[in-house]
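Residues per chain are reported as follows:
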Amino acid sequence: MNTLVKNYKGISGLKACASEKAGNCIAASASRNKMSLVAVALKSKDNDSKASDAKSMLNFGFDGYDMFIPEIPEDALEPINVTHGSVLKTDTYIDGVTRLVIKRGTASEINIKFDRIDKIEAPVPANTKVGELVFNMGTKEMLKHNIYTKEEVERIDLVGAFKKLLLSLLRN
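Residues numbered from 1 in each chain as written. Predicted model: local features only at pLDDT ≥ 70, side-chain atom pairs only at ≥ 80, totals over all residues. Heavy atoms only, no water.

Undergrad: Report on the overall build of the protein chain, specifying residues and quantitative values.
TA: Across its full length, the protein chain holds three helices and 12 strands. The C-alpha radius of gyration computed for the protein chain amounts to 26 Å, which surpasses the reference 16 Å derived for 172 residues by more than 25%, pointing to a less compact arrangement than a globule. Counting across all 172 residues of the protein chain, residues that qualify as buried make up 31%. Nonlocal contacts in the protein chain, meaning residues at least 24 apart in sequence, comprise 56% of its contacts between residues at least 6 apart. As displayed, the protein chain offers around 11,400 Å² of accessible surface, 52% of which is attributable to carbon and sulfur atoms. Computing the positive centroid from 25 side-chain charges and the negative centroid from 22, the protein chain places the two 6 Å apart. (Helix = DSSP H or I, 4+ residues; strand = E, 2+ residues; numbered from the N terminus. Rg over C-alpha atoms; globule rule 2.2 N^0.38 Å. Buried < 20%, exposed > 50% of the residue type's maximum accessible area, 1.4 Å probe, protein only. Contact = heavy atoms within 4.5 Å. Areas by Shrake-Rupley, 256 points an atom, 1.4 Å probe, with all protein chains shown as cover. Lys, Arg positive; Asp, Glu negative; His and termini not counted. Charge placed at Lys NZ, Arg CZ, Asp CG, Glu CD.)

Have a look at this one:
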């Protein structure tokens, strides 16, 4: 096990134990190329084989899989037009973008599509869902994120619109 700690590239943690029910056990973690993996081996034959088992599992993960960090299309986050609002547009955001672990060499198979409304009528509460961004691989949905409005937009009536126009003219 010391050889695993000393020689395995990216090793970040290791815990070995043994019990009558579980036998020789090991949990090992490692990080490479923005991806962290954990390998757990139960009932290994002996100390040498439990380190070898953990190394094999980690190698399997690092050799066969990649971390995919989705790129968000710029037009998915364009401001949304607001009708009857105190502002003409409101900014949008996507809830926390998640990374995906995918088979090595399959990133080009991921398709990104988004659907969102073009305009919304005031009043608009902050964090109103206005669309979604979906990442598919073939027919399988891999990841979905919602698109939301950033700020609240109050409704403006005719008197409010006239005041806003008058103030705008006086400033210029």
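Now that the structure has been shown, we can carry on.
Undergrad: Any chance you could break down helix 3 (residues 158-171) for me, citing the residues and the numbers?
TA: Taking 1.5 Å of rise per residue, 14 residues should cover 20 Å, and helix 3 covers 20 Å from first to last C-alpha, within 8% of that figure. Here helix 3 lies mainly on the outside; one of its 14 residues are buried. (Expected span 1.5 Å × (residues − 1).)

Undergrad: Tell me about helix 2 (residues 47-64), and please be specific about residues and values.
TA: Note on helix geometry: an α-helix contains 3.6 residues per turn, so any two residues three or four positions apart are oriented the same way. The end-to-end C-alpha distance of helix 2 is 26 Å, a good match for the 26 Å that 18 residues give at a rise of 1.5 Å each. For helix 2, every residue scored as buried is listed here: Ser49, Lys50, Ala51, Ala54, Leu58, Gly61 and Phe62. You can read the cap of helix 2 off the contacts: a side-chain oxygen lies 3.1 Å from the backbone nitrogen of Asp48, and it is on Asp46. (Polar contact = N/O pair within 3.5 Å; in protein donor to acceptor, adjacent residues only side chain to side chain.)

Undergrad: Requested: an account of the nonpolar core, with residues and values cited.
TA: Among the nonpolar cores identified, the biggest contains 18 residues, and Phe68, Val82, Ile102, Ile110, Ile120 and Phe135 are the most heavily contacted of them. Secondary structure elements with two or more residues in this core: strand 5 (80-83), strand 8 (100-103), strand 11 (129-137) and strand 12 (140-149). The leading source of residues in this core is strand 11, at four residues. Those residues in contact with Val82 that sit more than four places away from it in its chain are Val87, Leu88, Lys89, Thr90, Ile120, Ala122, Val124 and Val153. One finds Ile26, Ala28, Leu37 and Ala54 within the second-largest nonpolar core, a separate group that totals 13 residues. (Core = buried A, V, L, I, M, F, W, Y, C linked by side-chain atoms within 4.5 Å.)

Undergrad: Tell me about the sheet that holds strand 5, and please be specific about residues and values.
TA: Taken in spatial order, the three strands make up an open sheet running 6-5-10, and their pairing is mixed. The open sheet has two edge strands with one neighbour each: strand 6 (89-90) and strand 10 (119-121). Two strands pair when backbone bridges link them, and strand 5 and strand 10 are joined in this way by three bridges, in the parallel orientation. Within strand 10, the residue paired with Val82 across the bridge is Ile120. (Pairing = 2+ DSSP bridges.)

Undergrad: Describe in detail the environment of Arg155, supporting the description with residues and values.
TA: Mapping Arg155 onto the fold places it in the loop between strand 12 and helix 3. Using a relative accessible area of 44% as the deciding quantity, one classes Arg155 as partly exposed. For Arg155 and Gly85, which are 70 residues apart along the polypeptide, the C-alpha to C-alpha distance reads 4.5 Å. Reaching out from Arg155, the side chain makes a polar contact with the side chain of Glu121 at a distance of 3.0 Å. For Arg155, the side chain forms a polar contact with the main-chain oxygen of Ala122, separated by 2.8 Å.

Undergrad: Describe the sheet that holds strand 3 (residues 35-44), listing the residues and the values that go with them.
TA: Ordered by their spatial adjacency, three strands build an open sheet running 1-2-3, and the pairing between neighbours is antiparallel. The open sheet is flanked by strand 1 (11-19) and strand 3, the only strands paired with a single partner. Here the strands of the sheet are splayed against their neighbours by 10 degrees on average, with no regard to which way each runs. The pairing of strand 2 (residues 23-32) with strand 3 spans eight bridges and is classified as antiparallel. Pairing of Ala27 across the sheet is with Val40, part of strand 3. Most of the contacts of helix 2 go to strand 3, to which it runs at about 145 degrees, and overall it touches strand 1, strand 2 and strand 3. (Axes fitted to C-alpha atoms, helices over the stretch in contact; angles between N-to-C directions.)

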